[in-house]
Amino acid sequence: MPRYFVWTIGCQMNKAESRQIAGCLDSAGYQAATSFDSADLVVLNTCVVRQSAEHKVLGTLGLLRGLKSKRPSLQIVVTGCFVNSHTEELQRRFPHVDLLFRPGDYPELVAWGQRQGIPVEQSLLLRRNGSGVAPSPCALVPIIQGCDNFCSYCIVPYRRGREVSRPREEIVCEVRELARQGTKEVTLVGQNVDSYGHDLPGHPDLADLLSELHNIDDLARIRFLTNHPKDMSLKLIETMARLNKVCEHLELPVQSGDDDILKAMRRGYTVERYRELAQTVRNEVPQISLSTDMIVGFPGETEAQFGRSLSLVAGMRFDVVHVAAYSPRPGTTACREYQDDVTAEVKKGRLNKIEELQTVVASEINSRLQGKEVEVLVEGRKGGKWFGRNRSNKLVFFENAGDWLGQLVMIQIEKTSPWSLGGQVKIAN
Ligand code: SF4
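Since the model is a prediction, treat every value here as computed from it, not as a measurement.

A. A look at the environment of Arg 266. Mapped onto the fold, Arg 266 is located in the loop between α10 (259-265) and α11 (271-284). In sequence terms Arg 266 and Asp 105 are 161 residues apart; their C-alpha atoms lie 28 Å from each other. Look past the residues within four positions of Arg 266 in its chain and what remains in contact with it is Phe 150, Cys 151, Ser 152, Thr 333 and Glu 337.

B. Quick peek at the sheet that holds strand β3 (residues 41-46). Taking strand neighbours across the sheet as the criterion, the 5 strands line up as β2-β1-β3-β4-β5 in an open arrangement whose pairing is parallel. The open sheet has two edge strands with one neighbour each: β2 (31-32) and β5 (99-100). In the sheet, strand β4 (residues 75-80) pairs with β5 via 2 bridges, with the strands oriented parallel. Residue Val 78 lies in a different strand from β5, and its bridge partner there is Leu 100. Relative to β3, helix α2 (residues 51-70) is tilted by about 170°, and along the sheet it contacts β1 (3-8), β3 and β4.

C. Structural detail: empty space enclosed by the protein. According to the stated counting rule, one finds 1 cavity of 30 Å³ or more in the structure shown. Volume-wise, the largest cavity comes out at about 60 Å³. Taken together, Ile 21, Cys 24, Leu 25, Leu 41, Val 43, Leu 109, Trp 112, Gly 113, Ile 118 and Val 120 make up the full set of residues lining the largest cavity. Sorting the residues of the lining of the largest cavity by element identifies α1 (12-27), β3 and α4 (106-116) as the ones contributing at least two each.

D. Just the layout of surface pockets, in detail. Counted as a void, the second largest pocket has a volume near 540 Å³. Looking at the lining of the second largest pocket, the element that brings in the most residues is strand β14 (residues 373-382), giving 3 residues.

E. Expanded view of the environment of Gly 307. Turning to its location among the elements, Gly 307 is positioned in helix α12 (residues 303-316). The partly exposed category is assigned to Gly 307, whose relative accessible area is 25%. The spacing of Gly 307 and Asp 258 is 49 residues in sequence and 8.7 Å in space, taken between C-alpha atoms.

F. Examining the site of the ligand more closely. Around the ligand sit Cys 147, Asn 149, Phe 150, Cys 151, Tyr 153, Cys 154, Val 156, Pro 157, Gln 191, His 228 and Arg 267, and that is every residue in its neighbourhood. Residues that form the shell around the ligand fall into these classes: 7 nonpolar, 3 polar and 1 charged.

G. Main features of helix α14 (residues 344-367). Compared with the 34 Å implied by 1.5 Å per residue over 24 residues, the 34 Å span of α14 between its first and last C-alpha is a close match. All of the buried residues in α14 are Lys 347, Arg 350, Leu 351, Ile 354, Gln 358, Val 361, Ala 362, Ile 365 and Asn 366.

H. Seen up close, the nonpolar core. Within the largest apolar cluster, 64 residues are counted, with the highest numbers of intra-cluster contacts made by Leu 188, Leu 206 and Phe 224. Not counting residues up to four positions away in its chain, the partners in contact with Leu 206 are Ile 143, Leu 188, Val 193, Asp 194, Tyr 196, Phe 224 and Leu 236. Ala 33, Ala 39, Leu 44 and Leu 90 belong to the second-largest nonpolar core, a separate cluster that totals 26 residues.

I. Just unusual backbone geometry, in detail. A cis geometry characterises the amide bond from Leu 225 onward to Thr 226, with omega recorded as 5°. Residue position: Thr 226 is located in the loop between β10 (221-225) and α9 (234-242). The backbone of Phe 150 sits at a positive phi, close to 50°, despite the residue not being glycine. In this fold, Phe 150 is placed in the loop between β7 (144-145) and α6 (156-160).

J. Structural detail: the sheet that holds strand β9 (residues 185-189). Across the sheet, which stays open at both edges, the 3 strands sit in the order β6-β9-β10 with parallel pairing between neighbours. A strand with exactly one partner marks an edge of an open sheet, and here the two such strands are β6 (138-142) and β10. The average undirected angle you get between the axes of adjacent strands in this sheet is 25°. Note that β6 and β9 share 5 bridges and pair parallel.

Procedures and definitions
Residues numbered from 1 in each chain as written. Predicted model: local features only at pLDDT ≥ 70, side-chain atom pairs only at ≥ 80, totals over all residues. Heavy atoms only, no water. Helix = DSSP H or I, 4+ residues; strand = E, 2+ residues; numbered from the N terminus. Contact = heavy atoms within 4.5 Å. Pairing = 2+ DSSP bridges. Axes fitted to C-alpha atoms, helices over the stretch in contact; angles between N-to-C directions. 1 Å grid on protein atoms, 1.4 Å probe; cavity = no way out; pocket = protein on both sides within 12 Å on 5 of 7 lines; lining within 4 Å. Points joined across faces, edges and corners; volume = space filled by probe spheres on them. Buried < 20%, exposed > 50% of the residue type's maximum accessible area, 1.4 Å probe, protein only. Near = heavy atom within 4 Å. Nonpolar A, V, L, I, M, F, W, Y, C, P; charged D, E, K, R; others polar. Expected span 1.5 Å × (residues − 1). Core = buried A, V, L, I, M, F, W, Y, C linked by side-chain atoms within 4.5 Å.

None of this, on its own, says anything about what the molecule does.
Given below as structure tokens:
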């Protein structure tokens, strides 16, 4: 049986698409391999959102060039944000790659597969659970591709193109099939899930989609990411509050605590508007856990402007802050119009300050769970312990001799840290 290996870096969208591609290859008679060396077909699902990610992709392509020279039958497929619209130029630079297809351009993959005698079917890309015999308790499901926002620093709209929503019936069909196979939790993903449906007949929105998925009997939990503060509606917030399968967890990137920087980033909201929105969410869904993204060292960011980001983190008390140093991406407005004038050392210092502060905040927030019972969906085992996430997306570990994979269990929390929780089983559902 031929074997495939899918290498993925980047966002949840990439992970979701890799799951679909893996599932499709399973159905085409391939078997999952554990490394490049043991694979007949390698799929690289790439990210170029930061320079460091692009370097990793280039390094991996170099490694595969060496493998292919020793083993010419190895087939190499590249997708993800590394693949721009100039595929001919990329093909010239990387002649050892057999197929380059833009993210989500499955007809291209299907046509190539058919030419190679690989029975890849587009319908399978949309339904099957990926890589493996046992269905995963949690699955990522793409609902919208691309982004219309063009934040000044971001390369994604240039690589993934304009927003295209998946038809509602197709998503419901995929989630129903996943639930039938044993998946208990789905996370609906897209670059901006708040835009979902504006391009579909009748303009269904994310709230409508959540209401429909909520009716799937075997499904226990629903999450979604990533939201955009400019586009998140009151209807969506009220729907989160109303539907008990929708988890109390929200990814709401703020990016900066300074209005001038937000303007230069073209984010379309002010700090005040962000605070109001977060407060509305906290009023409607009191148990909400709020995660955010921040960029430090955007061109021209002064110490005072960075100080406002730091104060925002201190005041907002996010559960999680993903912080990144600004990385100029050729082709974006920020790269064209602004000089990358904050030194790498200053960026690193600012990043560390945010992380240090957030460690203290997360430690305080999580310590309040000491002694409490939380519901955990068990995803697997690591280091001799079971692990899973509670409804607010906190990682929970516990030791127990039973077989808990895919089960919802109540865990009494005995240990907390800024990054995870530990406890003992109380009641199995
Ligand atoms: S919302 Fe902004 S940061 Fe997010 S993918 Fe779109 S352009 Fe990039």
